[in-house]
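# Structural overview for review
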Amino acid sequence: VRSADGAGPGDGAVARAVEAVYRRESRRVLATLIRLLGDFDLAEEAVHEAFRAAVEQWPREGVPGNPRAWLVSAGRFKAIDGIRRRARFDEAAEALAHHLESEAALAAAEPAKATSEDRSTAEGESPEAGLEDDRLRLIFTCCHPALAPDARIALTLREVCGLTTEEIARAFLTEASTVAQRIVRAKQKIKEARIPYEVPAPGQRAERLDAVLRVLYLVFNEGYSASSGDAVARQDLSGEAVRLGRLLVELLPDPEAQGLLALMLLHESRRAARTSVSGELVLLERQDRTRWDRSLIREGSALVETALKSRRFGPYTLQAAISAVHAEAATAEATDWPQIAGLYDVLLRADPNPIVELNRAVAVAMRDGAEAGLRLVDSLLAQGDLADYHLAHSARADLLRRLGRKEEAGDAYRKALALTRQEPEKRFLEKRLSDLDPTP
Amino acid sequence: MKYLCLAYGDEKKYQALSKAEIDAFGIACKGHDEELHQGGHLALIASLSPSRSSTVIRPRNGKTELFDGPYAETKEQVGGFFIIEARDLNEAIQVASKHPGARVGENIGCAVEIRPIEFFEVGEGLGK
């Protein structure tokens with residue numbers, strides 16, 4: 001890139017190049033180094049060291065043709081150097097250094113120089129395909145069922161998405177020190193329980209993938225739900241979940257992963273229309289559909305179709321299919337309610353739970369009338385599971401309102417109001433309540 | 001981000017150690033200290049004279065008055081501090097964990113406290 005002597009105009013360019021490589025490659029490099037070094041902390045240190053070496057060497061030697069392979073190799077050898085240093089006062093480190101060194105020597109046996117550019121293509125142990133596997137390994141490890149659910153989310157966002165501890169804390173409205181401890185404990189657990197760094201075997205794949213999808217969906221919803229807090233940080237969270245969903249679909253084209261990505265994209269397509277200028281929540285039926293993002297809808301609908309065709313889909317795909325039916329309707333009145341109610345029937349069989357039942361009741365009310373819907377909601381509430389769920393009471397209130405039973409509707413809205421914690425929803429319910437009984 | 005790391009210890013317990021124990025402690029610290037200095041995170045590091053050498057200045061009845069320190073009369077006192085540059089709190093924890101105070105000296109109340117720095121400026125007084 002430039003000559004070795006002194007600072008030149010090329011310095012800034014190389015610094016920018018290193019930065020760009022960091023954004024593009026640091027997570028990939030980390031994923032591979034965790035495999036090669038067998039330890040999260042060692043690998044993170046090695047990533048730091050590798051980029052430090054890049055900042056120092058690239059201005060002199062030029063940006064290597066395959067920066068990723070260069071960084072992996074540099075990180076690996078820096079880590080071994082570090083362990084060697086430590087070995088002088090830590091006996092256990094000596095054995096580890098020896099082990100890692102012989103592995104590295106084995107990998108380097110075929111190609112020539114460790115830091116040469118052709119190493120990546122010659123390195124039999126980790127060709128490009130192998131590197132992609134490392135990212136999958138990292139995702140599956142961060143979402144391992146042995147880790148606490150909160151820890152899975154924090155670890156995935158930090159290690160796979162590259163968010164900082166502070167960014168995660170802001171998005172989840174917690175203290176950075178709390179998130180940091182979750183991450184430290186999760187890494188300890190991975191080490192102590194010897195959680196293997198691997199893509200699960202086909203036999204366990206469905207169950208483990210389900211845990212991964214759950215993390216993605218939680219992250220997405222955290223960013224999508226209109227609650228208080230740093231709105232921008234939360235929106236970014238949805239963006240991260242979508243990015244992660246795309247990565248997962250690219251690495252592992254599983255129907256349910258496609259279904260979840262579709263679901264997230266279809267929800268995301270309505271973001272602009274679901275809150276008013278003053279920040280009020282706008283119900284699906286009242287949204288300005290011209291503000292829906294058509295390209296996200298196209299992408300989401302296409303994914304739903306692919307997933308449905310596979311015949312191996314599950315709840316996420318079905319929810320996405322329902323969302324796609326809504327997306328296809330030009331107006332709320334034009335919604336194909338029989339199809340939606342039918343999809344809820346299938347969803348209820350795939351994933352029997354009271355919230356799906358509630359949504360199905362609302363769809364039935366649209367198809368067969370408010371009376372039929374109310375019967376379903378009442379029997380659901382009588383079962384008790386949804387007694388404290390504000391949306392069950394607001395759905396019931398809505399049906400009562402449509403049936404002209406104003407007094408009962410008012411009671412139900414008030415019940416819903418007492419149960420919700422989200423400000424925009426509170427304002428929405430208050431508005432409904434005041435509309436119910438306009439003072440003469 | 002920059003983080004201030006405060007290294008605590010019980011001065012009385014340290015002073016009560018025998019010469020051999022102090023030497024052993026010093027040797028145990030040496031490697032960890034080197035580790036901390038490697039890695040390019042350390043911005044500055046300092047160790048302090050005992051807390052009885054402290055002077056505290058505070059406003060009293062509208063005037064500035066002097067008091068013998070330390071500010072807080074606790075068993076464990078700050079014996080040193082360092083400032084590190086890290087990507088986030090978890091990286092800061094990883095780096096600060098290499099300080100001897102986080103690894104050895106359990107018997108003399110050693111601990112390292114990490115505080116995120118919100119504003120940082122190097123004044124002219126810190127000349128070369």
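Going by the structure above, here's the rest.
Residues numbered from 1 in each chain as written. Chains lettered and ligands numbered in written order. Predicted model: local features only at pLDDT ≥ 70, side-chain atom pairs only at ≥ 80, totals over all residues. Heavy atoms only, no water.

### Some points on the overall build of chain B
- Regarding its fold elements, chain B presents four helices and six strands.
- Counting only C-alpha atoms and orienting by the principal axes, one finds that chain B spans roughly 50 × 40 × 30 Å.
- The 128 residues of chain B split such that 31% are buried.
- Within chain B, contacts between residues at least 6 apart in sequence are counted, and of these 73% link residues at least 24 apart.
- For chain B, the exposed area adds up to about 8,200 Å²; of that, 53% sits on carbon and sulfur atoms.
- Of the side chains in chain B, 15 bear a positive and 19 a negative charge, and the two mean positions are spaced by 3 Å. (Helix = DSSP H or I, 4+ residues; strand = E, 2+ residues; numbered from the N terminus. Buried < 20%, exposed > 50% of the residue type's maximum accessible area, 1.4 Å probe, protein only. Contact = heavy atoms within 4.5 Å. Areas by Shrake-Rupley, 256 points an atom, 1.4 Å probe, with all protein chains shown as cover. Lys, Arg positive; Asp, Glu negative; His and termini not counted. Charge placed at Lys NZ, Arg CZ, Asp CG, Glu CD.)

### Some points on the sheet that holds strand β2 (residues 42-47) of chain B
Residues and elements named next belong to chain B.
- An order of β2-β5-β1-β6 is seen for the four strands of this open sheet, with the pairing classed as antiparallel. Sheet topology places β2 and β6 (111-117) at the edges, where each strand pairs with a single neighbour. Neighbour-to-neighbour, the strand axes of the sheet open up by a mean angle of 20°, direction not taken into account.
- Where β2 meets strand β5 (residues 76-85), five bridges bridge the pair, whose relative direction is antiparallel. Paired with Ile45 across the two strands is Phe82, which belongs to β5.
- In the packing of helix α3 (residues 89-96) onto the sheet, the strands contacted are β1 (2-10), β5 and β6, and the crossing angle to β6 comes to about 150°. (Pairing = 2+ DSSP bridges. Axes fitted to C-alpha atoms, helices over the stretch in contact; angles between N-to-C directions.)

### A few points about the interface of chain A and chain B
- On the chain B side, the residues contacting the 25 residues of chain A number 18 residues.
- Here chain A packs against chain B, burying approximately 1,700 Å² in sum over the two surfaces, 42% of which is carbon and sulfur.
- Counting the contacts that link chain A with chain B gives four salt bridges.
- For Lys98 of chain B, the salt bridge identified is with Glu45 of chain A, shortest N-O distance 2.9 Å.
- Inspection of the region where chain A meets chain B yields 13 residue pairs in polar contact (both at pLDDT 80 or more). (Buried area = accessible area lost by both parts, 1.4 Å probe. Salt bridge = Lys/Arg side-chain N within 4 Å of Asp/Glu carboxyl O. Polar contact = N/O pair within 3.5 Å; in protein donor to acceptor, adjacent residues only side chain to side chain.)

### As for the side chain of Ser238 of chain A
Residues and elements named next belong to chain A.
- Assignment of secondary structure puts Ser238 in helix α11 (residues 231-251).
- A distance of 3.1 Å separates a polar atom in the side chain of Ser238 from the backbone oxygen of Phe220.
- Apart from the residues lying within four places of it in its own chain, the contact partners of Ser238 are Val219, Phe220, Gly223, Tyr224, Glu268 and Arg271.

### Comments concerning the pattern of salt bridges
Residue and element names in this part refer to chain A.
- Per the stated rule, a full pass over the model turns up 39 salt bridges over all chains.
- The residue Glu19 makes a salt bridge to Arg23 at a minimum N-O spacing of 3.8 Å. Taken as a pair, Glu19 and Arg23 lie in helix α1 (residues 10-37) at a separation of four residues, close to a single helical turn.
- Residue Glu19 is classed as partly exposed on the basis of its relative accessible area, which comes to 49%.
- A relative accessible area of 63% means that Arg23 is categorised as exposed.

### What about a nonpolar patch on the surface?
All names here are of chain B.
- On the surface, Phe120, Val122 and Leu126 cluster together into a nonpolar patch covering about 280 Å² of accessible area.
- Mapped onto the elements, Leu126 comes out in the segment after β6.
- Residue Leu126 is classed as exposed on the basis of its relative accessible area of 58%. (Patch = residues over 30% accessible without salt bridge, like charges linked within 9 Å, V, L, I, M, F, W, Y side chains within 5 Å.)

### Notes on the nonpolar core
Residues and elements named next belong to chain A.
- The biggest cluster of nonpolar side chains holds 117 residues, and the ones touching the most others in it are Leu33, Leu71 and Leu248.
- Sequence-distant contacts of Leu33, that is, excluding residues within four places in its chain, are made with Gly38, Ala43, Ala46, Val47, Val72, Gly75 and Arg76.
- The next biggest cluster of nonpolar side chains, apart from the first, holds 22 residues, and it includes Ala370, Ala397, Leu400 and Ala416. (Core = buried A, V, L, I, M, F, W, Y, C linked by side-chain atoms within 4.5 Å.)

### Digging into the packing of helix α19 (residues 406-419) of chain A against helix α20 (residues 423-436) of chain A
All names here are of chain A.
- One way to put it is that α19 packs onto α20 with a least axis distance of 10 Å and a crossing angle of 165°. One way to sum up the angle between α19 and α20 is to call them roughly antiparallel. Considering how the two elements wind past one another, α19 and α20 form a crossing that is left-handed. On the side of α19, the interface is formed by Lys406, Ala409, Gly410, Tyr413, Arg414, Ala416 and Leu417, while α20 contributes Lys426, Leu429, Glu430, Arg432, Leu433 and Leu436. (Parallel < 35°, antiparallel > 145°, perpendicular 65-115°, else oblique. Left-handed = near helix turned anticlockwise from the far one by under 90°.)

### Description of the environment of Ile22 of chain B
All names here are of chain B.
- Here Ile22 shows up in helix α2 (residues 19-37).
- With a relative accessible area of 28%, Ile22 lands in the partly exposed category.
- Once residues within four sequence positions are removed from consideration, Ile22 is found in contact with Tyr14 and Leu17.

### Let's talk about the pairing of strand β4 (residues 63-68) of chain B
All names here are of chain B.
- Counted residue by residue, β4 has zero buried out of six residues, so it is predominantly exposed.
- One ladder, built from six bridges, connects strand β3 (residues 55-60) with β4; its direction is antiparallel. Bridge pairing links Thr55 to Asp68 in β4.

### What to know about empty space enclosed by the protein
- Evaluation of the coordinates by the stated rule reveals three cavities of 30 Å³ or more.
- Estimates place the volume of the largest cavity at around 50 Å³.
- Glu44 and Glu45 of chain A together with His41, Glu91, Gln94, Val95 and Lys98 of chain B together form the lining of the largest cavity.
- Those elements that place two or more of their residues in the lining of the largest cavity are α2 (40-61) of chain A together with α3 of chain B.
- Of all the elements, α3 of chain B adds the most residues to the lining of the largest cavity, at three residues.
- Tallied by class, residues from the lining of the largest cavity come to one nonpolar, two polar and four charged. (1 Å grid on protein atoms, 1.4 Å probe; cavity = no way out; pocket = protein on both sides within 12 Å on 5 of 7 lines; lining within 4 Å. Points joined across faces, edges and corners; volume = space filled by probe spheres on them. Nonpolar A, V, L, I, M, F, W, Y, C, P; charged D, E, K, R; others polar.)

### Regarding the packing of aromatic side chains
- The final tally for this structure, using the stated rule, is five aromatic pairs over all chains.
- Measuring from centroid to centroid gives 5.5 Å for Tyr217 of chain A and Tyr316 of chain A, while their planes differ by 80°, and the two rings are edge-to-face. On the criterion of sequence distance, the pair formed by Tyr217 of chain A in helix α10 (residues 202-224) and Tyr316 of chain A in helix α14 (residues 315-328) is long-range, its members being 99 residues apart. For the pair shown, Tyr217 of chain A and Tyr316 of chain A are each scored as buried.
- Their ring planes at 65° and their centres at 6.0 Å tell us that Tyr14 of chain B and Phe25 of chain B sit as a pair that is edge-to-face. Taken together, the positions of Tyr14 of chain B in helix α1 (residues 11-15) and Phe25 of chain B in helix α2 put the pair 11 residues apart, joining distant regions of the chain.
- We note Lys2 of chain B situated over the ring of Phe120 of chain B; from NZ or CZ to the ring centre the distance is 5.1 Å. (Phe/Tyr/Trp six-rings, centres within 6.5 Å; stacked < 30°, edge-to-face > 60°. Lys NZ or Arg CZ within 6 Å of the ring centre and 35° of its normal.)

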